[in-house]
Amino acid sequence: MYIYTSEQIKAADQLAEKRGMSTFSLMENAGCGLYHAICPYLSTNQKLLIASGKGNNGGDGIVLARYLKMAGFEVDLIFPLGEPKTGVAKQHLHYYEQCGFPVEEWNPNQTYDVIVDALLGVGAILPLQESLVEWIKWMKSMKATIISIDVPTGISSNSGVVDQNAIKADYTFSLHGYKPSRFLFPSSHFYGQVEVVDIGLPQKSNWRVWTEKDVQKSWVKRETNAHKGLFGTGLLIAGSHEMPGSAALAASSAMRFGIGKLTVNTTQHASAIIGPIVPEVTFLYHTYEELVRSEWKNRRFTCAAIGPGLDPTDDLEKLVTYLLKQNVPLILDAGAIQSRSYPRGEKPIILTPHPGEFSRLLQLSTKEIQENRIELASEYAVTHHVILILKGEYTVIAFPDGTGYINTTGNASLAKGGSGDALTGMLLASIEGNDCVKAAVLNAVYIHGVCSDEWVRKYSEHTFVSSDFSSLLPMICKSFEKE
Ligand SMILES: NC(=O)C1=CN([C@@H]2O[C@H](COP(=O)(O)OP(=O)(O)OC[C@H]3O[C@@H](n4cnc5c(N)ncnc54)[C@H](OP(=O)(O)O)[C@@H]3O)[C@@H](O)[C@H]2O)[C@@H](O)CC1
Ligand SMILES: [K+]
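Residues numbered from 1 in each chain as written. Chains lettered and ligands numbered in written order. Predicted model: local features only at pLDDT ≥ 70, side-chain atom pairs only at ≥ 80, totals over all residues. Heavy atoms only, no water.

### Some points on the overall build of the protein
Then comes step 1: A count of helices and strands for the protein gives 16 helices and 17 strands.
Then comes step 2: Taking the principal axes of the C-alpha coordinates as reference, the protein spans close to 85 × 40 × 40 Å.
Then comes step 3: Every one of the 483 residues in the protein was classed for burial, and the buried ones make up 56%.
Then comes step 4: For the protein, long-range pairs separated by at least 24 residues make up 69% of all intrachain contacts whose partners lie at least 6 apart in sequence.
Then comes step 5: Total accessible area on the protein stands at roughly 21100 Å², and carbon and sulfur atoms take up 51% of it.
Then comes step 6: Here the protein holds 43 positive side-chain charges and 50 negative ones, and the gap between their average locations is 6 Å. (Helix = DSSP H or I, 4+ residues; strand = E, 2+ residues; numbered from the N terminus. Buried < 20%, exposed > 50% of the residue type's maximum accessible area, 1.4 Å probe, protein only. Contact = heavy atoms within 4.5 Å. Areas by Shrake-Rupley, 256 points an atom, 1.4 Å probe, with all protein chains shown as cover. Lys, Arg positive; Asp, Glu negative; His and termini not counted. Charge placed at Lys NZ, Arg CZ, Asp CG, Glu CD.)

Okay, here's the thing in structure tokens:
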């Protein structure tokens, strides 16, 4: 499912018009599609209100009102901001009235079971005008089910910014595709349950949601004559005296997710903890300086991950600089996420910041990051030619070619120490097990989330710990394997 900014929606409308599909027809498609999508949530004994604004969002409300009236629903159509201003909305209102349907006056004493918010869509400019605020306050006092068309009124379409009086919808039916604010913060929490309504425009956008079907299609099944050399010889530089577990979690997830061979460069103390958990790995005990000097050439590692459980030091930075020159896939996590430049090589460089780490990288507040996760991640990925995985609810995965994806799996049980380490391990394995870099990265993120979803299907979200990935992965991976 695709994601469109308000500018892209406007451009799509203009292109459609140029090609002979009028905005009037698109609005008809929108209203009709909305009717079919919303109907299952309504019953004819409910009293419905459609509040339409002066723009085309309001126009969609007018068409929906006609379909609902024709189907026998008890609906009042009102214009709290005044009658439509756009040509197409006016045309649809004319047809609505010609069909014999009335426009009502707002009556604050009337009660409603369902209120459809067709006030503002992608054309909203915040903050909300005073004239709207009084009406929204009344609407909220109604305790009715609230259904928003396209975007809830009072939230931005492209960013996570929310007006203090914004409508919090129970359901939002988005037209043509998702809007970025569906996956940004705090706006996403105002959408309620979201469905996309197709309005007959070709789908085209650089950004979309990665789905279960995508994982199934891109899952690589092993050949019967496979050997360990085919699935990567990874180097994981992780774990310290204070944080040995981070390396154990990354290593066990990498092994479970299919890496061929894995060497962990860590401390003696950490290896005593890692070894019993992941007996499959081998160890190196080099300083960063020693690693730079010799090990790479001797060992022929085909991929590397660095950072879990490590502090950012000058020596670590020198090692990262060295690794960046080795032309192998490289995953940079935790202590290895720092501000630096990146070479434009053919092998992927993957950064996995959480919002706090990304805020330090960009020198922006976490609030600014969360409001603009998609745009900022994409800008960073394109400018630095890296793959940027911005973790958190609706993880954003931005690629250097300007494309990007939203991951919708996962839940609050992942908000615990170690879940990022497990993801780093899974990425290391995935990148070696799939020739398509995008699919490798996206599948690792998707399945990482599915593990926690599977957990909360059976157990409390409070109880998930990152060592559970190891026991969940066999079952979850099996479910994606084609027979
Ligand atoms: N391809 C698609 O997906 C299609 C989408 N379609 C639909 O069109 C919608 C976009 O329609 P749009 O461009 O007319 O803008 P819209 O959201 O109605 O807002 C403009 C109105 O809001 C007003 N207004 C603005 N800010 C305000 C504020 N703070 N407080 C109060 N008022 C404010 C502004 O007032 P003005 O500034 O003009 O006085 C103007 O009247 C889109 O979301 C979808 O529903 C389909 O019908 C066609 C195909
Ligand atoms: K709306």
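Further notes follow.
### As for the domain arrangement of the protein
Then comes step 1: As assigned here, the protein comprises domain 1 (2–205) and domain 2 (212–480).
Then comes step 2: For domain 1 versus domain 2, the distance between C-alpha centres works out to 41 Å.
Then comes step 3: With 12 residues of domain 1 at the interface, the matching set in domain 2 holds nine residues.
Then comes step 4: With both sides pooled, the region where domain 1 packs onto domain 2 buries about 880 Å², and carbon together with sulfur makes up 67% of that total. (Domains from an automatic or database assignment. Buried area = accessible area lost by both parts, 1.4 Å probe.)

### Comments concerning the coordination of the potassium ion (ligand 2)
Then comes step 1: Protein-derived ligands of the potassium ion (ligand 2) are Asn57 (OD1), Asp117 (O), Leu120 (O), Ile149 (O) and Val151 (O), with the metal-ligand distances lying across 2.6 to 3.0 Å.
Then comes step 2: All donors of the potassium ion (ligand 2) come from a single chain, and their spacing in sequence reads N-x59-D-x2-L-x28-I-x1-V. Taken together, the residues Asn57 in helix α3 (residues 56–70) and Asp117 in strand β4 (residues 114–118) connect sequence positions 60 residues apart. (Donors = N, O, S within 2.8 Å, 3.2 Å for Na, K, Ca; no water.)

### Quick word on the confidence of the model for the protein
The predicted coordinates of low-pLDDT regions are not to be read in fine detail.
Then comes step 1: Here the protein averages 96 in pLDDT, and 99% of its residues register 70 or above.
Then comes step 2: The secondary-structure element of the protein with the lowest mean pLDDT is helix α9 (residues 288–299), recorded at 79, while strand β16 (residues 396–398) shows the highest, at 99. (pLDDT = per-residue confidence, 0-100.)

### Section: the UniProt feature "domain: YjeF N-terminal" (unreviewed entry) in the protein
Then comes step 1: On the UniProt side, "domain: YjeF N-terminal" (unreviewed entry) is annotated at positions that read residues 9–207 here.
Then comes step 2: Along residues 9–207 one finds 33% helix and 16% strand; the C-alpha atoms at either end are 13 Å apart. (UniProt positions renumbered as here; feature names shortened; annotations may be inferred.)

### Remarks on the packing of aromatic side chains
Then comes step 1: In this structure the tally under the stated criterion is 21 aromatic pairs.
Then comes step 2: Here the aromatic rings of Tyr41 and Tyr171 are separated by 4.6 Å at their centres, their planes lie at 50°, and the arrangement is tilted. Highlighted residues: Tyr41 in the loop between α2 (23–38) and β2 (47–52) and Tyr171 in strand β6 (residues 171–175), separated in sequence by 130 residues.
Then comes step 3: For Tyr41, a relative accessible area of 31% puts it in the partly exposed group.
Then comes step 4: Taking 6.2 Å as the distance between ring centres and 70° as the angle between the ring planes, the aromatic pair formed by Trp219 and Phe257 counts as edge-to-face. Of this pair, Trp219 sits in the loop between α6 (212–218) and β9 (233–237) while Phe257 sits in the loop between α7 (244–256) and β10 (261–265), placing them 38 residues apart in sequence. (Phe/Tyr/Trp six-rings, centres within 6.5 Å; stacked < 30°, edge-to-face > 60°.)

### Here's the deal with the side chain of Thr233
Then comes step 1: Inspection of the secondary structure puts Thr233 in strand β9.
Then comes step 2: For Thr233, a relative accessible area of 15% corresponds to the buried category.

### Examining the site of ligand 1
Then comes step 1: Lining the immediate environment of ligand 1, one finds 25 residues, of which Asp13, Asp60, Gly121, Ile125 and Asp150 sit closest.
Then comes step 2: Between ligand 1 and Gln129, the relevant distance is 3.1 Å, taken from a nitrogen atom to a main-chain nitrogen or oxygen of the residue.
Then comes step 3: Within the side chain of Asp150, one N or O atom sits 2.6 Å away from an oxygen atom of ligand 1.
Then comes step 4: Protein coverage of the free-state accessible area of ligand 1, which is 940 Å², stands at 86%.
Then comes step 5: Listing elements by their share of the shell around ligand 1, those giving two or more residues are α1 (6–18), α2 and α3.
Then comes step 6: By residue number, the principal contributor to the shell around ligand 1 is α3, which donates three residues.
Then comes step 7: Here the residues of the shell around ligand 1 are counted per class, giving 13 nonpolar, seven polar and five charged. (Near = heavy atom within 4 Å. Polar contact = N/O pair within 3.5 Å; in protein donor to acceptor, adjacent residues only side chain to side chain. Nonpolar A, V, L, I, M, F, W, Y, C, P; charged D, E, K, R; others polar.)

### Some thoughts on unusual backbone geometry
Note: most peptide bonds trans; most residues except glycine with negative phi.
Then comes step 1: A cis amide bond links Leu126 with the next residue in sequence, Pro127, at an omega value of 5°.
Then comes step 2: Among the structural elements, Pro127 can be located in the loop between β4 and α5 (130–141).
Then comes step 3: Cis geometry marks the peptide bond from Phe185 to Pro186, where omega comes out at 5°.
Then comes step 4: With respect to the helices and strands, Pro186 occurs in the loop between β6 and β7 (193–197).
Then comes step 5: Not every positive phi belongs to a glycine, and Tyr394 is a case in point at roughly 55°.
Then comes step 6: With respect to the helices and strands, Tyr394 occurs in the loop between β15 (387–390) and β16.

### Points about the pattern of salt bridges
Then comes step 1: Evaluated as defined, the whole model comprises 13 salt bridges.
Then comes step 2: The residue Lys47 makes a salt bridge to Asp76 at a minimum N-O spacing of 3.4 Å. Pair noted here: Lys47 is in strand β2 and Asp76 is in strand β3 (residues 74–78), with a separation of 29 residues, a long-range link. Exposure class is identical for Lys47 and Asp76. Each is buried.
Then comes step 3: Members of the salt-bridge network, linked through shared partners, are Lys47, Glu74 and Asp76. (Salt bridge = Lys/Arg side-chain N within 4 Å of Asp/Glu carboxyl O.)

### Let's talk about the nonpolar core
Then comes step 1: Ranked by internal contacts, the top residues of the largest apolar core, which has 54 residues, are Phe257, Leu262, Val441 and Ile447.
Then comes step 2: Elements that contribute at least two residues to this core include exactly α7, β10, α8 (268–277), β12 (303–306), β15, α14 (419–433), α15 (437–458) and α16 (468–480).
Then comes step 3: Take this core: its biggest share by element is 11 residues, from α15.
Then comes step 4: Each residue touching Leu262, except ones within four places of it in the same chain, is listed here: Gly234, Leu235, Leu236, Ala251, Ala254, Met255, Val281, Thr282 and Leu428.
Then comes step 5: Within the second largest apolar cluster, 49 residues are counted, among which are Leu184, Leu291, Val386 and Val396. (Core = buried A, V, L, I, M, F, W, Y, C linked by side-chain atoms within 4.5 Å.)

### Focus on the environment of Ala251
Then comes step 1: Its place among the elements puts Ala251 in helix α7.
Then comes step 2: In this structure Ala251 comes out as buried when scored by relative accessible area, which is 0%.
Then comes step 3: In this structure, the C-alpha to C-alpha distance between Ala251 and Glu280, residues 29 residues apart in sequence, is 9.2 Å.
Then comes step 4: In this structure, Ala251 is in contact with Leu236, Leu262, Val264, Val278 and Val281, ignoring residues within four places of it in sequence.

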